[in-house]
Every structure is written in C-alpha cells, then in structure tokens.
Amino acid sequence: MSKRKPGRTPRDRDPYRAREAKKYANPIPSREYIIGLLEHHGAPMGFDDIAEALDLRDDERHEALSRRLGAMARDGQVVRNRRGGYCVVNHEDLVHGRVIGHPDGFGFLQADEGGDDLFLSPREMRQLWHGDRIVARVAGVDHRGRREAAVVEVLERAFENIVGRLHIEAGVAFVSPDNKRIAHQILITPDRLMAATQGQMVVVHITEHPQPWRQPLGEIVEIIGDHLAPGMATDVAIRAHDIPLTWPDEVQREIASLGEDVPEQAKQGRVDLRHLPLVTIDGADARDFDDAVYCQRTKKGWRLLVAIADVSAYVVPGSALDTEAYRRGNSVYFPDRVIPMLPEVLSNGLCSLNPHVDRLCMTAELYFDADGKLIRSKFFEAVMRSHARLTYNQVGAMLFDGDTDLCAEHAALLPHLHELYGLYRLLHTARAKRGAIDFDTVETRFRFDKQGKLAAIVPLLRHDAHRLIEECMLAANVAAARHLLRKKMPALYRVHESPSAEKLTDLAGFLGELGLKLDGGLEPTAKDYAKLLKRVQGRADFHVIQVVLLRSMMQAVYSDNNIGHFGLAFPAYAHFTSPIRRYPDLMVHRALKHLLSDEPPEAFEFTHQHLAAMGEHCSATERRADDATRDAADTLKCEFMLDKVGESFDGVISGVNSFGIFVELNDIYVSGLVHITALDYDYFHFDPIGHRLTGDRTGKVYRLGDSLRVRVAAVNIDDRKIDFVLDKAVAGPGKDGRRSARKTGKGKPAAKARSTDKRKTKDKGKGKRKGKKG
C-alpha cells in the first residue's frame, strides 16, 4: 500500500473518497484507509510517517489528520503507544470501552462490543475516572470468576472539571466529588483555593489526572456557594452533569435582532389559520406553549389540527444557535427551575404560542373516521393566533363540572372543546384496543417556601383534560412518523424495543410464583402486558406486579432506524410536538419541510449517518437530564427529611436488594434504605426473581410491595441517602391495607443477638455484573 503509482495519490485510491469529499471541502483519506495502511505496515507508525505515506504535505491537512487520528483513538480503532506511534487495536487481545466506577474504589469496563463487563481492581482504578474511555487487556480471572482488565491506554478523559465539596484538614485542602462513582479526592494547593472556605461547594479544574502513583491535582475555578444554601441542589446538579448554562457570545449576537413580534415578511407564503379558534391547554405554571389544538366534526368523523411552534423558522442548520441547541439536546426541568434548550426570546417568546399574538407554526391536519381511526394526514407551514391560554383544570371544570363562569367566559370555544373531548374518547378507546400499556404511576411535584426550601412533595393529579392533549399529541407524532416512512425520508424516530429474553425469563419466574402468566412467551406484545395489568387490577399485590412489569421494559431512545414503539404499540413513532424543548422534534420538522419543498429524500442535507449520531447524542442528553434532575430531587428530599430524624412513618417496600430493602413513605413520596444489618437477627436469602428477602431461621419475608412502619435513623446529604430502621413499636399491616412483612412456614424462633458484622445475605444470583450498570 505504501508504493504509489505515478500520478495517483493515496486519496485517489481510497474507496471511500467520494463519501469524504461529500463531507469535507478539503478531504483526507478515510478512517478505513488509514487502518488499512497501519495493518499493511505491520508496526507502529509515527504521525510524520503516516502523513508522508498518505501524501499529506500542507498544514491544513496535517491538522485534519491529527484530529482524525485523535478521534480514531477515542473510538478505540487505534492506540497510540508511549513513543507516539499509532497501531491498530487487535480486538482479540484488547477491549475498548467505558469505565464504570464504584464508590468503594473498584470499577468495571463496559465493552463497546457488548457482553459481560470486565472487573477493574482498585489498583487499576487509581489512574481512572468514572466515565473514562480506555483500551484494556484481559489480565485473568478473579476468584469470583470475573474477567479482570488491565489498563493499556486511556483514550479519553471523562472530566476536565469536577463539582464537589471542599475540605481543609491539617492544612491540606482537597475536594470530595459530588459524583460518588468517583472515588478520588482531588488535592488543591493553597495558591489555587480561590478564597474558598471549608465546606463550600466548588468547581475544580483538573490540572493533573490521576496516575497509579499519585492522586489527581486541581485548582478551584468557581465557588458555587455554601452547603445547603437554597437552590444549591440544582446548582450542583447542573455543574456535576455538565449541563450548559450560559449562552455563547455567538448565540447572543445571532438572537440580538429578534423582537417580540413575527415580521410580516415571515408570514408570507403560509396557510393562514388565524381565524380558527386554536387554543393551548397546559399546566397552570407552564411558561412556554408549544402546541395548540382545534377540532371539528366532519361528515365522516373528525378533523383535528395540531399546530406546533415553528422553531425551524428561527434555528438554521449550522448556525451558532443550532450548534448550541444540539449540544444541549433538550430542556432540563429541575424541581425549582428550567434550563432551556433555546434562549428565552424564542422559548418564551417567538416560539411560544402565547394568546392573541401571531405565531409561525408547523401544522398537522389529521382526519379520523367515526371509529377514531386516522385515515388521512397533511403537514404544512402556517401562521396562527391562539384564541385562549387554557389550563387543564379550566378545561376539566368546563367539560366535566359545567363551571358556569368559565363556560360563559369561553362560550365561543366551548363547542370546539366538546368536539375535542368527543374525539378523545374514541382515541382513548382505540388505544385500549391497540393494547398500549398504561401504567398507573404517581407523578409528584415539589412545593417551595419563600426561602426557597422544599416545603412539601405533592402528587400531580391527572384527569381527562391531561389525557385529551396527550392523545392529540400521540396522533400527531404517529402521523409524522407514518408520513416520513411513506416518503422514505431520512429522519429520527422514537423507538422502544421489546423486552429482552433475560428480563422476560425473570418476569415469568416472578409471575409463576403468583399463579400468573404473561402471554406471548419470549415475544409478547404490548397488548399482552395490558391484558395482564387489567387482569390483576384490584388485587392486593397489583402495585407489586405493576412495578415488576415496568422494570422488565427497555428504555426508549432516538434512532434513524425505525423499529416501532413497543410500549405505545405503534409500528412507527416520532417526536413532532415539542421542538422548543427537544432537538429530535426540530429534526422531524426539518425533514417534513424538506418534503414540502418537493426535493427528493436523497437531497436532504442530513444523511442516515448524521442522523444515527444525532440519535445517540440526543438519547445521551436525555439520560443526562434524567440523572441531573434525579440527583437534585434526591438532595432536596434529604434536606426535607433532616428535621424528621427519629420520627416514624408508614411505607411500602419499593425495592429489594441483597444489602437491604428500600421503603417509600406513604403520602411523603420519599424513599430510604433499611439496611440488612437493621433487619431482624437472622441470615437472609435474597431472591432476585421473587424480589424478596427470606430469613433463614425465622422464615420472615420482606417482599416488594409489603407494608412496613419505619423510623428515620439518619440522613446523609452528601451521599444523598436516607437510612430507616424498623419501628418495633408497631406490627401488622400499614394504613393502606397492603400486606405487611410476614413469616412463611412454621417460622423458627429468632436467633440470639449477635454482632452486626456477622449478619449476611445469601444471594441466589451469581452477583455477577452483566451487560450494563443497574
């Protein structure tokens, strides 16, 4: 490969040169060609050697090659040795993947190729962060039968900045990371403290990453504030999960010219819907309104208009605003604030369908027959004017309670709302026939006092007005997916895989003990799940069965490859309705607009390769948002429980592990752990299939869904943990009537008291970590 024919460069011989030329103005040889070069050479090659072999002579191409080799190293395609030479990863001997740290100092390597994770000993973890990408070799098998990994090369560091709490002891300053999967403490020299004081929450920039022989070093670059200050839980979560908070200067310059009103020129060429009584229906505390609806009866059924704010009219591909929106991926909804995907001038202004002002929108016009079946759909650009900003409770009061004042105020809208409700009932019936899974879970919201402290956690009550809008959005999303598929248009879909065989086997074991069975074997449908849920409704253990069914499901993600949505029982599904707060919805709008331009799908500027990468990125930012909001909520719950240590509450077992049981307190919606050492004096068998702990001597059983009365023993805000102990003063079932923890068989006398370090569980499972983190 290194010998060249006269007049032909390596770029000419690259079989992927056309693809590279399409992506780059000044392309260099592809990754595949570079790998072929290294394999043919048979030995590590330095950067200059590779550049010469590829006939790359100018600085611009040298820079492009440097970036490409760096990306190939991060992706585990090549490894750079200590002398700076590059060689191809031998996948038979080496494994590349991501590190998953454990608070106790060890870790696992989650291989990119899948399969069982490799164990990383505390010694290997000394040089690693949780989240690092590495190449490792299989070093052997430990006493538990796990493959052990030894680090060969760190490909990519997970962190440049870390959030934590500053400690100063005996003149030595260090930061304990807020992320408990990071076992390192970061040393801070006195000249890099930035005037931070003991106990404050800070952001530390890593100046030297951990090495086998040395702890990491850093310098404080931001003082977030005092521990437990109002709003601190969210401030820490934002920085700990690297959620973008400020808008780059380029974005500020791009939006500087945007005003409050839509320019007249922008309205030209659009369908005028301003005469139609479109309305928004949202929560009472909503600040942005990205969807409006209108419904009317037709001879054959119904016509439904779902108008969505036209974000794509303002966010142009390749602009600084687009780049930042993609980086964020989605808006993040914390208990006390929102970090938006788009600047406020758009999210609360031009792209919010505020009442009585003109707004640009993308509209789905949907036609349903008398049975609620979607028979025809059309998408178009429009200009609209919302005729009212309604809340769910207002709509419920008008439609279900006949509130005379509200009905009089919105008399002109009421007939259309009744038509909307009539269509909803048909769509809801069709949903049940289709077999969509409808889990009966409780959503909660936080209430804060004037000082910004958590005052209460209250359930969010849902009624038909919520479900009405939900069904309209589902219908528009399905219509968008069907339209894109029919036109063979590259697009992002919201996909949900069917449950894995392993999870279904475990589920069958659990249900079998209850005399139940999920139809469909290892290939059930959503209808099979829905039928089982309906069958067990009203049983005392309904909550338990529902939780186990829910945990058997996979996580929905974004993908350019449509495989359907299992949970909703749709063969195709896409997110169309929230481009203000989700980047995939913006991409669906762009795909729909491309079809409106009469250009062929092949001319769309985003290829399947681009969309696949976008799907992975947006799925990751969605998980990041979930993790960040969960951390903030858990911290707030710990703060809320601080003054309740010593008090007793009724609760329900919400989780069972080999180390204890998790209990959720009734009416408070806070969970904590009753550690195995705080249970009765006994040896406990952990049954992961039956979700229970069983006492070896007493026969006492603690099972998912059992009622217990517990006492708050301790609250650890730093670790976001609440510890409970059993309240021995109360026995029998809890207030909600669920069965209480009970004995099985004849029951043996309780064992004599003994030291807590001898209390153990006997795990029926192997305890082997597989596939991915739990």
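Details of the structure are given in the entry above.
What you see as residue numbers is a count from 1 along each chain, following the sequence as written. Per-residue local features are limited, in this predicted model, to residues with pLDDT of at least 70; the limit for side-chain atom pairs, both in listing and counting, is 80 or more; totals at the level of whole chains, interfaces and linings are taken over all residues. Only hydrogens and water are set aside; all other atoms, that is, all heavy atoms of the structure, feed into the side-chain values.

*Asks:* Give a description of the sheet that holds strand β33 (residues 721–726) that names residues and reports values.
*Replies:* If you walk around this closed barrel you meet the 5 strands as β26-β27-β28-β33-β32, and the pairing is mixed. Averaged over neighbouring strand pairs, the angle between their axes works out to 50 degrees when direction is ignored. As judged from the 2 bridges shared by strand β28 (residues 671–675) and β33, these two strands associate in the parallel manner. Bridge pairing in β33 places L673 opposite D723. By definition, two strands form a pair when at least two bridges between them are found by DSSP. Helix and strand definitions follow DSSP, with helices as H or I runs of at least four residues and strands as E runs of at least two, each counted in order from the N terminus. A fitted line through C-alpha atoms represents every axis, and for helices the fit uses only the stretch in contact; the resulting angles, taken between N-to-C directions, go from 0 to 180 degrees.

*Asks:* Kindly report on the sheet that holds strand β10 (residues 186–188), identifying the contributing residues and their values.
*Replies:* Taken together, 5 strands build a closed barrel; the order of strands is β8-β9-β10-β12-β11 and the barrel is mixed. The average undirected angle you get between the axes of adjacent strands in this sheet is 50 degrees. As paired strands, strand β8 (residues 161–169) and strand β9 (residues 172–177) are joined by 6 bridges and run antiparallel to one another. Looking at the pairing, R165 lines up with S176 of β9. We call two residues in contact when some of their heavy atoms are within 4.5 Å. Relative to the sheet, helix α7 (residues 232–240) contacts β8, β11 (201–208) and β12 (217–225), its axis offset from that of β12 by approximately 145 degrees.

*Asks:* So what's going on with the packing of aromatic side chains? Residues and values would help.
*Replies:* Two aromatic rings from Phe, Tyr or Trp, using only the six-membered ring of Trp, form a pair when their centres are within 6.5 Å; if the ring planes differ by under 30 degrees the pair is stacked, by over 60 it is edge-to-face, and anything between is tilted. Tallying each qualifying case throughout the model produces 13 aromatic pairs. Ring centres 5.7 Å apart and planes at 35 degrees place the aromatic pair F106 and F119 in the tilted group. Taken together, the residues F106 in the loop between β3 (94–101) and β4 (107–111) and F119 in strand β5 (residues 118–120) connect sequence positions 13 residues apart. Type-normalised accessible area, obtained with a 1.4 Å probe on protein chains alone, sets the label of each residue: buried when under 20%, exposed when over 50%, and partly exposed for intermediate values. Of the residues examined, F119 reaches a relative accessible area of 10% and is grouped as buried. When the centroid spacing of 5.8 Å and the interplanar angle of 25 degrees are considered together, the rings of Y421 and Y424 count as stacked. Remark: Y424 and Y421 occur in helix α14 (residues 414–434); sequence separation between them is 3 residues, near one turn of the helix. Neither residue differs from the other here; Y421 and Y424 are each classed as buried.

*Asks:* Describe helix α19 (residues 583–596), naming the residues involved and giving the relevant values.
*Replies:* Each residue after the first adds 1.5 Å to the expected span of a helix. For α19, with 14 residues, the first-to-last C-alpha span of 20 Å sits near the 20 Å given by 1.5 Å per residue. Directly after α19, the chain includes D598, whose backbone phi takes a positive value near 65 degrees.

*Asks:* Explain helix α3 (residues 31–41) to me, using residue names and the numbers behind them.
*Replies:* Residues spaced three or four apart along an α-helix point in a common direction, a consequence of the helix completing one turn every 3.6 residues. Among all positions in α3, only Y33, I34, I35, G36, L37 and L38 are buried. The positive-phi residue at the C-terminal boundary of α3 is G42, with phi of around 80 degrees.

*Asks:* For a positive patch on the surface, give the residues involved together with the corresponding values.
*Replies:* Where like charges cluster on the molecular surface, the positive patch consists of K373, R482, R486 and K487. Assignment of secondary structure puts R486 in helix α15 (residues 464–486). Patch criteria: residues need more than 30% relative accessible area and no salt bridge. Like-charged residues are merged within 9 Å; nonpolar side chains of Val, Leu, Ile, Met, Phe, Trp and Tyr are merged within 5 Å. The protein chains shown are the only cover counted for residues, whose accessible areas, like all others here, come from Shrake-Rupley with a 1.4 Å probe. Salt bridges are counted wherever a side-chain nitrogen of Lys or Arg sits within 4 Å of a carboxyl oxygen of Asp or Glu. The sign given to each residue is positive for Lys and Arg and negative for Asp and Glu; His and the chain ends receive no count. Charge coordinates come from a single atom per side chain, which is NZ of Lys, CZ of Arg, CG of Asp or CD of Glu.

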